[in-house]
Amino acid sequence: MRILTKRKYQFGYGENKIITAGSYAIEDVPDWVVDDPLFKLAKADGDIEVMEEKPQIQVTEETKPKAATKKKAVDNKE
């Protein structure tokens, strides 16, 4: 999710904390930030604006794009 922050905020705690830059910076933050009570208050106050909401996709071996394979043309000339 991309947000515009007017002030510095810290969402979450411990290893999962996110600190925004403030000063009208546009930043990408994890989707879980929406559930933080401080995010809800800051958004309601107008200090944070959601610019773009895209669902985050976790890349795994199954979702990685596979390299295109080149097929060799075989001529059956005799």
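A brief report on the enclosed structure follows.

The rules behind each value
- Residues numbered from 1 in each chain as written.
- Predicted model: local features only at pLDDT ≥ 70, side-chain atom pairs only at ≥ 80, totals over all residues.
- Heavy atoms only, no water.
- Helix = DSSP H or I, 4+ residues; strand = E, 2+ residues; numbered from the N terminus.
- Buried < 20%, exposed > 50% of the residue type's maximum accessible area, 1.4 Å probe, protein only.
- Contact = heavy atoms within 4.5 Å.
- Areas by Shrake-Rupley, 256 points an atom, 1.4 Å probe, with all protein chains shown as cover.
- Phe/Tyr/Trp six-rings, centres within 6.5 Å; stacked < 30°, edge-to-face > 60°.
- Salt bridge = Lys/Arg side-chain N within 4 Å of Asp/Glu carboxyl O.
- Pairing = 2+ DSSP bridges.

Points about the overall build of the protein
For the protein, the count of helices and strands is one helix and five strands. In the protein, the order of α-helices and β-strands from amino to carboxyl end is β-β-β-β-α-β. Counting only residues that meet the buried cut, the protein has 23% of its 78 residues in that class. Expressed as a percentage of contacts within the protein between residues at least 6 apart in sequence, the contacts between residues at least 24 apart total 51%. Here the protein has roughly 6800 Å² of accessible surface; of this, 50% comes from carbon and sulfur atoms.

Some thoughts on the packing of aromatic side chains
Summed over all chains, the structure comprises two aromatic pairs. Ring geometry for Y9 against F11: centres 6.1 Å apart, planes inclined by 20 degrees, an arrangement best described as stacked. Each member of the pair, Y9 together with F11, is buried. Both rings, one in F11 and one in F39, keep their centres 5.7 Å apart while their planes meet at 70 degrees; by these two values the pair is edge-to-face. One end of the pair, F11, is in strand β2 (residues 10-11); the other, F39, is in helix α1 (residues 37-45), and 28 residues separate them in sequence. As far as the burial class goes, F11 and F39 line up, both buried. In textbook terms, an aromatic cluster arises when at least three aromatic residues are bridged by ring pairs, as seen for Y9, F11 and F39.

Some details on the pattern of salt bridges
Enumeration over the complete set of coordinates arrives at three salt bridges. D28 is the partner of R2 in a salt bridge, and the nearest nitrogen-oxygen pair spans 2.9 Å. One end of the pair, R2, is in strand β1 (residues 2-5); the other, D28, is in strand β4 (residues 25-28), and 26 residues separate them in sequence. The class of D28 is exposed, set by a relative accessible area of 54%.

Remarks on the environment of N16
Inspection of the secondary structure assignment puts N16 in the loop between β2 and β3 (18-19). The spacing of N16 and P30 is 14 residues in sequence and 9.8 Å in space, taken between C-alpha atoms. Not counting the four nearest positions on each side in its chain, N16 is found in contact with F11 and W32.

Observations regarding the pairing of β4
Along β4, the buried face is formed by A25 and E27; none of I26 and D28, which line the opposite face, is buried. Looking at chain direction, β1 and β4 are connected through four bridges and run antiparallel. Following the sheet pairing, T5 is matched in β4 by A25.

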